[in-house]
Amino acid sequence: MEEIVFKKDRKKRVAQQCYHCGETCDITIESDEKYFCCDGCKFVYQLLQENGLCNYYELSEKPGIRVKGKFSTERFAYLENEEVKKKLLRFNDGKQCQVSFYLPQMHCASCIWLLENLHTIQPGILYSKTNFQRKEISIAFNAGEISLRKLVELLAFVGYEPYISLKDGEKKLPNKINRKKFYKIGVAGFCFSNIMMLSFPEYFSAGKIEQQSLEKLFSFLNLTLALPVFFYCSSGFFISAWKGLRQKWLNIDAPIALAILVTFGRSVYEILSNTGSGYLDSMSGIVFFMLVGRWFQDKTYDSFSFDRDYKSYFPLGVTILKNGKEETATISGLQKGDRILVRQNEMIPGDAVILKGEGKIDYSFVSGEVTPVQKKKGELVYAGGKQIGGMIEMEILNPVEQSYITQLWNNNDAFSEQKNQDKSFVHPWSRYFTLLLFIIAGCTALYWAANDVSKLLPAVTAALIVACPCSLLLSATFTFGNMLRHFGKNKFYLKNSSVIESLSKINTIVFDKTGTLTHPAEALINYEGVILTDDEKNLVYSLTKESIHPLSRIIHNELLLNFQVSPLTVSDFKEISGKGITGNIDNHWIKMGSWQFVCDDESITEISGGGMVLLSIDNKYKGVFRISNQYRPGLKPMIQKLSEKKYELHVLSGDNDSEKENLENIFGEKVIIKFQQSPQDKLDYIARLKKNDYDVEIVMLGDGLNDAGALKRSDVGIAVTENTSQFSPASDAIMDGSVVNKLSNFIKYAKAGKRIIVWSFIISILYNVVGLSFAIQAKLSPIVAAVLMPVSSITIVVFVTLASTYMAKRKGL
Amino acid sequence: MQQLEKFQYDNKIVRNFAFATIIWGVVGMLVGLWIALQLVFPTALNIQPLFSFGRLRPLHTNAVIFAFVGNGIFMGVYYSLQRLLKTRMASDALSKIHFWGWQAIIVAAAITLPLGITTSKEYAELEWPIDIAITIIWVVFGWNLFATILKRREKHLYVAIWFYIATFVTIAVLHLVNSFELPVSLFKSYSWYAGVQDALVQWWYGHNAVAFFLTTPYLGMMYYYLPKAANRPVYSYKLSIIHFWSLIFLYIWAGPHHLLYTALPNWAQTLGIVFSFTLIFPSWGGMINGLLTLRGAWDKVREDVILKFMVVAVTAYGMATFEGPMLSLKTISAVSHYTDWIVAHVHVGGLGWNGMLTFGILYWLIPRIFKTELFSKRLANFHFWIATLGIIFYAVPMYWAGFQQASMWKQFTDAGQLKYQFLETVTYMKPFYAMRAFGGFLFLTGAIVMMYNLFMTVKKGSLVANEDAEAPALEKIDSKHAGEHWHRRIERKPVQFLIVTLIVILIGGIVELVPTFLIKSNVPTISSVKPYTPLELQGRDIYTREGCYTCHSQMIRPFRSETERYGEYSKAGEFVYDHPFQWGSKRTGPDLAREGTANLKKSDAWHLNHLDDPQAISPGTVMPGYSFMLDKLLDTASTPAKINAMRTLGVPYEKGYEYRANKDLMEQANKISANLLKDSIRVLPNAEVIAIIAYLQRLGTDIEKNKIVETKNK
Amino acid sequence: MSVLIILIAASILVATGFLVAFIWSVKSGQYDDDYTPSVRILFDDKPAPSSEKTSLKPKQK
């Protein structure tokens, strides 16, 4: 048994690298001492070179994006369509237009540089600005000189094909970044620092300043500075508190709002009545800190969107046949009965029957099934599949809105709503806190009412002021904020902080197989049989080059990467689907495929099973390639850890059961493993789990559209993806494929986070106790308050930040 | 219908400022070295009156700060601003005026300071006509800056530009507020504020001058040139934005930490401490951001000398900004203040941060605008190493000297006597001063090597006076306000901004007028504190002219070690007639606040001899001699004008006293000369030395008259 | 310490000025993109050698 490749020394042979895209290539096209993998790359290079943009290649290593195959612009025809234009252009005054695109390929400084220099390549482009983090480009161009279609073609040509989906069709208002919070932080910060400054005389000359006039001036300046803080910066807390009250429950903001209100009121009174200088510094302080906290918490990952719906998967335009003539239309406009054309690598825009041509549909994205399925004339094809054969003509049965795949979203939007909604344990906690606070305040009131009425008001107000639970709020916001960062550092991107909480609760884990547990691209190849000579390898390479069947591709890439190939031309190549491929290369007949196909004589004992490719040359059986999925490294130990931790594990695969034994030796027998699961099955499975026992909390890991429903239905849906700029289904979190094996650490960390917050609660309560002890005795001097509050806030912040960082280290993140 | 626009960057102005930077840098350092040596060879190198230590030290500080660093800033700004905004400077004319105006100011300073024409306010010594010139040129600079921002082709203002803007605005305000003075003659003015107030304003300015002249613009430059030199974006642009805004809100208030334990109100001191201390966070944010920019590129740093310079610069910045807040803590200030520690501190900042960064930028920039390679990498490397060595040789001895000084000043014998005479502490310093001079020498050598290296580079290449560039005009469409007409929107914003800043400066100026109304409602007065007699006043002006404040403080802090040595600690009330204040910031020589009081009292003769030849009276002293005062005659003509000026400033000379002033002056002068005659010393009564003796004998005496009143008021 | 009033006034004015500047800069979307500008400064905007821009046409089909 000989392995063609040892996994570890992949890429040991450095094949000729393309000067443009850096990809290893067999046949190299030369152009002024530079090698290119394909004409596409060469053309792009020439284009840049003619326009003096070769700086592109100096800014970073091999920046180019491979120009796949030959460049067809047909598929952009729909951009001529007026309706489409109207939908895409963000501005259009007849001659000047502005449009912005999402360019997933943007990846380095060179990209930015090239994209912002488009105007030097193409007259008519006024300017182009990129936003690297959002992977967006916004281009202003002169419609007179260049059409939208030409523009997109240019982009596609240089390797940055914009991703234009049905979603872009909907008139989306230019993404408004919420700037309010920045204003608020700025104002609060400014007022806070100045109020602090002006309050110092008060503290450090024992309440007496040389000049009365100064003292007055200071307090009044403070008051003026405090106004914006009270009326503008802290508005958010009042609003949310009020909303809470309207729904008859006390959220964390209620006591905060109360505290702010009381502090402000009392301070105003003191200053106006000349009885003191108030607690304005403390007030502005806490407001500032809390605003910063909130800002810190909502870390957003610009470049991905977590809640895509089916619309993001379908192209915007489609070619329809109106009485024989080709026209472009938007998918949303498709009607039942429309006739459409689908070219190679285009997506089927709705459930339809094939009228002309032969469908080779790749459903991997919809069903998880890797091998493409053959579809004959008259057969039904579902939306979401990708045509990898030639052009086909078909008639629409259900437009995308009613298509099978779309149902997955629509029929469970219902529960996706109430998901991750303020079920934060901070809030119920705050209810008790507020209650307690009122009791204390009440007792104080009674006590002073009995003893010294004059002290009643000061004492009660003071109590309300110091007991402000700002530090509680901060503890949650900062912990989660920091945790989100640590998750992010480990390529695990959470939608928002409430996902951390849900994650900390989960007890059941459901895996999808293809693309989640396995590498979609890589596969493990074993070759058994007569050792192949280099020429023979070359033959195999040349033959597989012709086929688009995934197994052929895998073999083809292996050879390309691991041995010196020189492709030969294949004559009368045939691909019989479900059987195999055959062809003639300089008078050698090569056959590759299933046993039945390759070994027509019975001499060789039957070998069968998934991922088997037998090889015969000139009808002489050579051997068999065993191709099995490549599981992600470190999976087994992780699974063991999880099952020890008594997590309930499930595996749902859309693929056939060829992988059964491999899965079982990873997961062990008792784990439920299901195959041939349709998207609907997966969804139902999750639903059943939830139904059978109410306190089951599910995390589902899946890639692909086929898991979308299930991901939504489960408590935490994690979309696994190879590169985060790629499209991942709607989910609560996006996980890079390389870190799936860290899942257990992630869960542990989430749980740890909860503990950290509890600890910090305890700390802040201690502070409150101290403060209250002053307050209820009506002994709370402004300075004590001013010291206590920032100090407590800062300790909390420092504590939680350090703790969560330390925990991250300890949990191996 | 606009297309790609072609335009040219103005490199000529950049070159001019670059050359100015190099030349003035060498000059300033040369002066520095000279005065450093003067402390080692006080007699040999004392060329009085023009080049005595007291007159040269301000020249050194002004030269390095405003000539070297100043031109460095403008070089850096004019190069980066054009490229960051993708446009040429708004007006070549303004650029030229700015350049030549600034050089003229420097020359004026270089002439006036040795002539003893000074306001005696540290880092603001230049007299009022030059102050006005500075204001004008500064406005020219600002105008050019904002006009350029207006016609920019890049919407986003890179963080560096914000630092430049901050520099312009704040320096304008600081300069206006601090140099508020009343002219007596063309070359003489009195600070509008007196004593404590003057001190507070001065150090509010003094610190912020450091903050906004030596720091913010250089941070801006760091954020541009470091990424450029390393060819990688700054570590975190977000952090740099936060860095800027938090710095801006904090820096302005750090000033008072220069006055800890002085007669400044306690809370004002604490205020200074807290804000100074908080500063460490933004400062370090910036430093870390700078260093992390080079993460993963340290191999680059190893071969690229430019990056080496910058790394050392940023590190020095980190050290200085760590030390600063520490020094502003009372306990540490109690030890460090007045000692050579502070000198070390500022030179770590000056040589390390400003010096090294400037060098780095020069090496990066000159070859670029002259379209050639650097003449010699080896020389540049040599410069780097010798400069770094120079900093070490400078800082280490000074730190050590500082600690020693402090401890010697504070040590007591078991008998409770001060362990050391002040003179002992002075002589002890000498070897350290020598080492410091050596360090300075190394650094200067490096600078000269650079001068040669760059000169050869320039000869090799040829200036690209106008560098071609092209960029699309500032975007015409803003989708969010597609309806509105584009260029209004683009333009209005900077306009509003310009207006705002101008208003700020304007109001800042108006606000200055407030003191004229408030000046009387003053610090607790001490009834026994009387205005200076005309002779003393003249003496005091000589004291300021000779820059005695550079070595002698007049502020006794409430420590036993100081009250034992100098007497009763200073009270705010004692300085109400001091225009300007003379508290000083360094004690190379002893404090003089109570020079005239009983326990320090010396005979007129002693003073005369001591001024004539210090080494003869106190062997080993580093004080320069002032023998010329014995012959130089006092200019009594100025007396009435001075009395008038003082009255305007609220000093209670009764009406018409200016006419009698010179009579009183001569009376007092005759007394002193008669007194000297007893010791068989004959000098003319109207010799300058008489006046200064009169002043010295007066110092601190008021308070002795009646302690009672003063304690009541304190 | 009447002079303090001046200093405070001056300081607050400067600070206010910068507050306005801050609000302006946020409002005008200066900080909407807090990464790309840091890369953009690294590019030199040298004019490209003018050349016939026909190169695109043939490849279009």
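Participant: Even after reading the chapter, I still don't get the overall build of chain C, so can you show me in this structure?
Facilitator: Helix and strand counts for chain C stand at three helices and zero strands. Mapped from its N terminus to its C terminus, chain C presents α and β elements in the order α-α-α. When the accessible surface of chain C is split by element, carbon and sulfur atoms take 69% of a total near 2,200 Å².

Participant: Please explain the packing of helix 24 (residues 635–644) of chain A against helix 25 (residues 660–667) of chain A as it appears in this structure.
Facilitator: When two helices pack together, their arrangement is given by the angle between their axes and by how far apart the axes lie. Residues and elements named next belong to chain A. The geometry of helix 24 relative to helix 25 is characterised by a closest axis approach of 8 Å and an angle of 55° between their N-to-C directions. Overall, the two elements helix 24 and helix 25 adopt an arrangement that is oblique. When helix 24 is examined against helix 25, the residues L635, K636 and I639 are found in contact with a partner set consisting of N665, I666 and F667. Of the residues assigned to the contact of helix 24 with helix 25, the class counts are four nonpolar, one polar and one charged.

Participant: Sorry, what's going on with the side chain of B:R594 here?
Facilitator: If you trace the backbone, B:R594 turns up in the loop between helix 19 (560–566) and helix 20 (604–612). Setting aside anything within four residues of it in sequence, one finds B:R594 in contact with B:I556, B:Y566, B:G567, B:E568, B:Y569, B:S570, B:E574, B:L600, B:L699, B:G700 and B:I703.

Participant: Any chance you could explain the nonpolar core here in plain terms?
Facilitator: Where a protein is soluble and globular, its nonpolar side chains tend to be buried together. Counting residues in hydrophobic clusters, the biggest one holds 400 residues, and the most contacted among them are A:I509 and A:F511. Sort the elements by how many residues they give to this core and helix 6 (residues 195–230) of chain B lands first, with 22 residues.

Participant: Looking at this structure, how should I read the pairing of strand 3 (residues 188–191) of chain B?
Facilitator: If a strand is regular, its side chains alternate between the two faces of the sheet. Residue and element names in this part refer to chain B. Here four bridges tie strand 2 (residues 181–185) to strand 3, and the two strands are oriented antiparallel to one another. The residue bridging S185 from the neighbouring strand is K188, located in strand 3. What sits between strand 2 and strand 3 in their antiparallel hairpin is a turn of two residues.

Participant: Would you explain the pattern of salt bridges in this entry?
Facilitator: Pairing between side chains becomes possible if they bear opposite charge and their charged atoms approach one another. All chains considered together, the criterion is met by 41 salt bridges over all chains. Put simply, A:R149 and A:E153 hold a salt bridge, and the shortest N to O gap is 2.7 Å. Here the residue A:R149 and the residue A:E153 both occupy positions in helix 6 (residues 148–157), the gap between them amounting to four residues, near one helical turn. Grouping residues by exposure puts A:R149 and A:E153 together as buried. Between B:R660 and B:E654 there is a salt bridge, with its nearest N and O atoms 3.2 Å apart. One salt-bridge network, held together by shared partners, links B:R55, B:R545, B:E546, B:K632 and B:E688.

Calculation notes
- Sequence positions are assigned chain by chain, starting from 1 and proceeding in written order.
- Throughout, the order in which chains and ligands are written sets their labels, letters from A for the former and numbers from 1 for the latter.
- Since the coordinates come from a predicted model, pLDDT governs what is reported: local features require at least 70, and pairs of side-chain atoms require 80 or more to be given and counted, while whole-chain, interface and lining totals use all residues.
- Side-chain measures here rest on the full set of heavy atoms in the structure, leaving out hydrogens and waters.
- For helices the rule is a DSSP run of H or I covering at least 4 residues; for strands it is a run of E covering at least 2, with both sets numbered from the N terminus onward.
- Here the accessible surface of atoms and residues is derived via Shrake-Rupley with a 1.4 Å probe, and residues count as covered only by protein chains that are part of the display.
- Structural elements are reduced to axes, namely lines fitted to C-alpha atoms, with helices fitted over the stretch in contact, and the angle between N-to-C directions of any two is expressed from 0 to 180 degrees.
- When describing relative orientation, an angle under 35 degrees is termed roughly parallel and one over 145 degrees roughly antiparallel, while 65 to 115 degrees is termed roughly perpendicular and anything else oblique.
- Should any heavy atoms of two residues lie within 4.5 Å, those residues are considered in contact.
- Residues are grouped as follows: Ala, Val, Leu, Ile, Met, Phe, Trp, Tyr, Cys and Pro are nonpolar; Asp, Glu, Lys and Arg are charged; every other residue, Gly included, is polar.
- For this analysis, a nonpolar core means a set of buried residues of the types Ala, Val, Leu, Ile, Met, Phe, Trp, Tyr and Cys, connected via side-chain atoms within 4.5 Å.
- Exposed residues in this analysis have more than 50% of their type's maximum accessible area, buried residues have under 20%, and partly exposed residues fall in between, with area computed by a 1.4 Å probe over protein chains only.
- DSSP calls a pair of strands paired once it identifies at least 2 bridges connecting them.
- Just to be clear on terms, a salt bridge is a Lys or Arg side-chain nitrogen sitting within 4 Å of an Asp or Glu carboxyl oxygen.

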